[in-house]
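Chain by chain, the residues:
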Amino acid sequence: MPTPLPTNTDSSLTLIDRVRRALGRYEPITAPTTPPPVIDESITRLVHSDIGLSELFAKRAEENKMIVHRVYPEELGPTLVRFLIDQKCTRLALPDSPFLNKLNLIDNLRSAGLDAKTWDRMMLDEVYDCDAGVTDVFAAVAETGSLVIRPTAQHGRALSLVPMIHAAIVQPRDLVADLVDLFDNASREGNRNGLTIISGPSKTSDIEMNLVTGVHGPCAVGVFLLQ
Amino acid sequence: MANAYENQTLDENTTRFLSEAAESHFDFHSVSTQAAGDERLKKAVNNATMRQYTGRQLQLLELPDADKLRTLAGNIKQHALENLDYYLELLRKNVEKNGGQVHFSTTGEDAKRIVMKIAMENRCRSIIKSKSMVSEEVNLAHALEDAGLDVVETDLGEFIVQVSHDKPSHIVAPIIHKDRASIAKVFSEYFHSDYNDDPQALTAQARLHLREKFRRADLGMTGGNFLVAETGQVCVVENEGNARQSMTTPRILISMVGIEKVVPRLSDLSVMLKLLARSATGQMMTIYTSIFGGTRTAGEKDGPEQFHLILVDNGRTEILASEYRETLRCIRCGACLNACPVYRKIGGHSYGNVYSGPIGALITPLFEGLHDYKDLPQASSLCGACYEACPVKINIPEHLVRMRRDIVRHKFNGRLERLVYRLWGWGLRFPFLYKWIGIAQKFDLRRRAHGSGWIRSLPKISAGWTQVRDMPAPAKRTFHQVWKDRPQDSQNPN
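Thresholds applied
- In this numbering scheme, every chain counts its residues from 1 along its sequence in written order.
- Chain labels run from A onward and ligand labels from 1 onward, assigned in the order the entries are written.
- Only residues with pLDDT of at least 70 get local features here, since the model is predicted, and only at 80 or more are side-chain atom pairs given and counted; chain-wide, interface and lining totals rely on the full set of residues.
- Each side-chain value is worked out from all heavy atoms of the structure, with water and hydrogens disregarded.
- Counting from the N terminus, the helices are DSSP H or I runs at least four residues long and the strands are E runs at least two residues long.
- Only protein chains enter the accessibility calculation, which uses a 1.4 Å probe. A residue is then buried if its area is under 20% of the maximum for its type, exposed if over 50%, and partly exposed in between.
- Contacts are residue-level and defined by heavy atoms, with any inter-residue pair within 4.5 Å sufficient.
- The protein chains shown are the only cover counted for residues, whose accessible areas, like all others here, come from Shrake-Rupley with a 1.4 Å probe.
- For this count, His and the chain ends are skipped, Lys and Arg are scored as positive, and Asp and Glu as negative.
- By convention, the charge on Lys lies at NZ, on Arg at CZ, on Asp at CG and on Glu at CD.
- By definition here, a salt bridge exists when the distance from a side-chain nitrogen of Lys or Arg to a carboxyl oxygen of Asp or Glu is within 4 Å.
- Here a pair means two rings of Phe, Tyr or Trp (six-membered ring of Trp) with centres within 6.5 Å. Their orientation is stacked below 30 degrees between planes, edge-to-face above 60, and tilted elsewhere.
- By the criterion adopted, a ring carries a charge over it if an Arg CZ or a Lys NZ lies within 6 Å of its centre and within 35 degrees of its normal.
- In short, DSSP must find at least two bridges between two strands for them to pair.
- Lines fitted to C-alpha atoms define the axes here, with helix axes fitted over just the stretch in contact, and angles between the N-to-C directions of these axes take values from 0 to 180 degrees.
- As used here, the term nonpolar core means buried Ala, Val, Leu, Ile, Met, Phe, Trp, Tyr and Cys residues forming a set that is joined through side-chain atoms within 4.5 Å.
- Lining residues are defined by having an atom within 4 Å of a point belonging to a cavity or pocket. Those points lie on a 1 Å grid over the protein atoms alone, cavities being sets where a 1.4 Å probe fits but cannot get out and pockets being open sets with protein on both sides within 12 Å along at least five of seven lines.
- Grid points are joined across faces, edges and corners, and a volume is the space filled by probe spheres set on the points.
- Three residue categories are used. Nonpolar comprises Ala, Val, Leu, Ile, Met, Phe, Trp, Tyr, Cys and Pro, charged comprises Asp, Glu, Lys and Arg, and polar comprises the others, including Gly.
- Multiplying 1.5 Å by the helix residue count minus one yields the expected span of that helix.

Caption draft 1: Region of interest: the overall build of chain A. In terms of regular secondary structure, chain A is built from eight helices and 12 strands. Expressed along its principal axes, the backbone C-alpha trace of chain A runs to roughly 70 × 55 × 45 Å. Residue burial in chain A is summarised as follows: out of 227 residues, 57% are buried. Taking contacts inside chain A between residues at least 6 apart in sequence as the whole, the part at least 24 apart equals 74%. Of the roughly 9800 Å² that chain A leaves accessible, carbon and sulfur atoms contribute 52%. Looking at charge distribution, chain A has the averaged site of its 22 positive side-chain charges lying 3 Å from that of its 29 negative ones.

Caption draft 2: Geometry of the pattern of salt bridges. The final tally for this structure, using the stated rule, is 49 salt bridges over all chains. Linking Arg405 of chain B and Glu323 of chain B is a salt bridge whose minimum nitrogen-to-oxygen distance equals 2.6 Å. With Arg405 of chain B in helix H19 (residues 396-409) and Glu323 of chain B in the loop between helix H14 (316-321) and helix H15 (335-339), this pair connects stretches of sequence that are 82 residues apart. By relative accessible area, which is 30% here, Arg405 of chain B ends up partly exposed. The class of Glu323 of chain B is partly exposed, set by a relative accessible area of 42%. Three or more residues joined by partner-sharing salt bridges are found here, namely Asp125 and Asp129 of chain A together with Glu212, Arg215 and Arg216 of chain B.

Caption draft 3: Expanded view of the packing of aromatic side chains. Residue and element names in this part refer to chain B. Per the counting criterion, the structure on display carries 14 aromatic pairs over all chains. For the pair Tyr343 and Tyr351, a centre-to-centre distance of 6.3 Å together with 25° between the ring planes defines the contact as stacked. Of the residues examined, Tyr351 reaches a relative accessible area of 1% and is grouped as buried. Members of the aromatic cluster, joined through ring pairs, are Phe159, Phe187, Tyr190 and Phe191. Geometry around Tyr288 places Arg244 over its ring, the cationic atom sitting 4.7 Å from the centre. Across from the ring centre of Trp465, 4.1 Å away, lies the NZ or CZ of Arg469, which sits over that ring.

Caption draft 4: The pairing of strand E9 (residues 288-292) of chain B, seen in detail. In terms of burial, E9 of chain B is a largely internal element, five of the five residues being buried. Residues Tyr288, Ser290 and Phe292 of chain B point to one face of E9 of chain B and Thr289 and Ile291 of chain B to the other, with burial holding for every one of them. Note: strand E9 (residues 195-198) of chain A against E9 of chain B, four bridges, orientation antiparallel. From the neighbouring strand, Ile198 of chain A faces E9 of chain B, where its bridge partner is Tyr288 of chain B.

Caption draft 5: Structural context of the side chain of Ser105 of chain B. Residues and elements named next belong to chain B. By secondary structure assignment, the location of Ser105 is in strand E1 (residues 101-105). Overall, Ser105 belongs to the buried group, its relative accessible area being 0%. Among residues more than four places away in sequence, those in contact with Ser105 are Asp110, Ala111, Ile114, Ile310, Leu311, Val312, Asp313 and Asn314.

Caption draft 6: The arrangement of the environment of Val162 of chain A in detail. Among the secondary structure elements, Val162 of chain A is positioned in the loop between strand E6 (146-149) and strand E7 (165-170). In this structure the C-alpha to C-alpha distance between Val162 of chain A and Val127 of chain A, which are 35 residues apart in sequence, comes to 6.6 Å. Apart from the residues within four sequence positions on either side, Val162 of chain A is in contact with Val127 and Tyr128 of chain A together with Arg207, Arg211 and Gln245 of chain B.

Caption draft 7: Quick peek at the sheet that holds E9 of chain B. With mixed pairing, eight strands are arranged side by side in an open sheet as E8(A)-E5(A)-E6(A)-E9(A)-E9(B)-E6(B)-E5(B)-E8(B). The open sheet terminates on both sides in strands that have one partner only, identified here as strand E8 (175-176) of chain A together with strand E8 (262-263) of chain B. Pairing geometry for strand E5 (residues 226-228) of chain B and E8 of chain B, over two bridges, is parallel. Following the sheet pairing, Val228 of chain B is matched in E8 of chain B by Val263 of chain B. Across the face of the sheet, helix H8 (residues 179-189) of chain A comes into contact with strand E5 (139-141), E6, E8 and E9 of chain A together with E9 of chain B while running at roughly 165° to E9 of chain A.

Caption draft 8: Highlighting the sheet that holds strand E10 (residues 306-312) of chain B. All names here are of chain B. A sheet is described by the order of its strands in space; here six strands give the open sequence E1-E10-E7-E4-E2-E3, paired in parallel fashion. Of all strands in the sheet, those bounded by a partner on one side alone are E1 and strand E3 (150-153). Between one strand axis and the next, the sheet turns through 20° on average, direction left out of account.

Caption draft 9: Quick look at the nonpolar core. Within the largest apolar cluster, 109 residues are counted, with the highest numbers of intra-cluster contacts made by Leu182 of chain A together with Phe226, Leu269, Leu309, Leu311 and Ile359 of chain B. The greatest single-element share of this core, amounting to seven residues, is contributed by helix H13 (residues 268-281) of chain B. Among all residues touching Leu309 of chain B, those that are not within four sequence positions of it are Leu91, Val95, Gln101, Val102, His103, Leu227, Val234, Ser255 and Val257 of chain B. In terms of nonpolar packing, the next biggest core, distinct from the first, is built from 29 residues, Leu161 and Ile207 of chain A together with Ala206 and Ala217 of chain B among them.

Caption draft 10: Structural detail: the layout of surface pockets. Residues and elements named next belong to chain B. Considering only enclosed or pocket space, the second largest pocket measures out at about 1200 Å³ in volume. At the level of secondary structure, the elements contributing two or more residues to the lining of the second largest pocket comprise helix H2 (28-36), helix H16 (341-346), H19, helix H20 (415-428) and helix H22 (463-467). For the lining of the second largest pocket, the per-class residue count stands at 12 nonpolar, eight polar and nine charged.

Caption draft 11: Summary view of helix H17 (residues 357-368) of chain B. All names here are of chain B. Between its first and last C-alpha atoms H17 spans 16 Å; for 12 residues at 1.5 Å apiece the expected length is 16 Å, and the two agree. Among the 12 residues in H17, 10 count as buried, and that is most of the element. When H17 is considered as a whole, its buried residues turn out to be Gly357, Pro358, Ile359, Gly360, Ala361, Leu362, Ile363, Thr364, Pro365 and Phe367. Contacts made by the buried residues of H17 are with helix H7 (133-137), H14, H15, H16, helix H18 (385-389) and H19. Two residues or fewer after H17 comes Gly369, characterised by a positive phi angle close to 105°.

Set out below in structure tokens:
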């Protein structure tokens, strides 16, 4: 067994002490010397209204090169299947989500001949052999046209990252207007599991500023926005 | 793996760069002169920086009041710096609450030792590393390679840098100086494949290679764009997805971050994120923004089993104590590089260190010592484009002038320069003498112009001036003469 790392208290005290000295203090402070700057929403907020979020989100997501389908719940299954077949996907990974279960999505996909597995019945390594991840989202930000994923035991990080295709199902109640709202909500809940904000397919412009999509993440992101 | 790249031929520019860097005294003049004469380099850098620069300007128009948002962002960072001891303590408490471990490292050597220790104790063989300026600053990848660990840079640009044994030359676009032909050549040698210079094909080749690395890696490394004190989390932005891979598959995750990256609250990110990508690449948001920290929670099948946050000082506390404290606000967006007329002409390698452009001219001397990098603060026209571009409003030109003062104060400027200024100062005390020296100088300069109005070359110590541009010949009459003969009524406007 590896020996435990030396506790960091000693060296850490030295460094924080040095920081404190650098700031001209000798004793620890129990609160900041001044309150942190007030975040004035008239400067930070870009989206002020909750009306038309669905349209705004769809527009921005498309600008982010995501493929947006606005569908009614009953059309979701067939539209999703068509998208996945167009993208040449056969092996799919899904989170273990009550919402997706309610939509009966797995049956829809399987009856179309697709090999769909849920996260609770998979090993992480299997996701590397999947063609697509089909997920729900924690939130969707209209301002930036972004999907927000919160990793949990039921929804692994790999699902929206490892397969070449990501299909995300967004309900109207997932939509938030602005990043300001997203972070306000997250800080109220403590955000222990963290968040990943996704604003398009993985890309790079490293080689002579040429845009190439699909570097280490999905090369295409389909968004299925329920009406 | 230690010296896997030893037998490969080095990039010509890199050879030059490395040999320059090997000398104890960094020779800015010769490196930058050579770079400024390299048309291919200049074109590549100009093209990329102009695109990012115009992208930034278009994106800032989307904001209700970009100027006020920049002020707010600057204030948030400044507040965090003024209370850094408090917020570091809070951050540590919260990281530990989330099951992570915090390590403080005073020097780059400490930081590397901590990484190595974690890797050895957990018997990690394969390390995937995403882009991080602080790891570049402490030269982490080389140290890990030398220790026999299999470490791979997974950002496409950094991967290309690693396999071609080059150095990054831009904070956000590391291979801005390379063209596709040189990348294709390196790839065909590295992968033993046919030459193909299509960016799509090159990217696909790297993707395939790195995907297997991701799948098997047991240690992932990231940097951090922000540290959120109130939640004990790290925020990383990226476009490719490799940083996300680092925090997904490997059982151990290390984030190495400079202590100045702290912000107090999660809600501060809404301010910072609205500026960072816009300022860096002219994007509204980067493709991925991950906020993470701590270990995987009960029942999770991916994410790290161990999370280590290494906080790096490496000279930052000294800057914090100095009148350059404000420079620690920097969020490494690269906007000042793209805006800088000097950077566009000489590229990033000319700055002789990991941080280039205006911010590099400022912080490299602070990190590495003013004596060895005393030319950098002079490599600026003080036009202020960097200040205008900075999303956290660091007054770079003002600090550069302050640093020039330090150079004089420490007598780091040349002996000759000091002598000239002393003589000048002495001459100013004797108006009669000053006047006649001026007149003599005027005659001499006008003679050198040969009646053309332009002086094409000057001798000895003034030669540098006319090496790259002509100097206008002085006017026939000196200012003193003109002043003396001015119409008398102009003395009294009424």
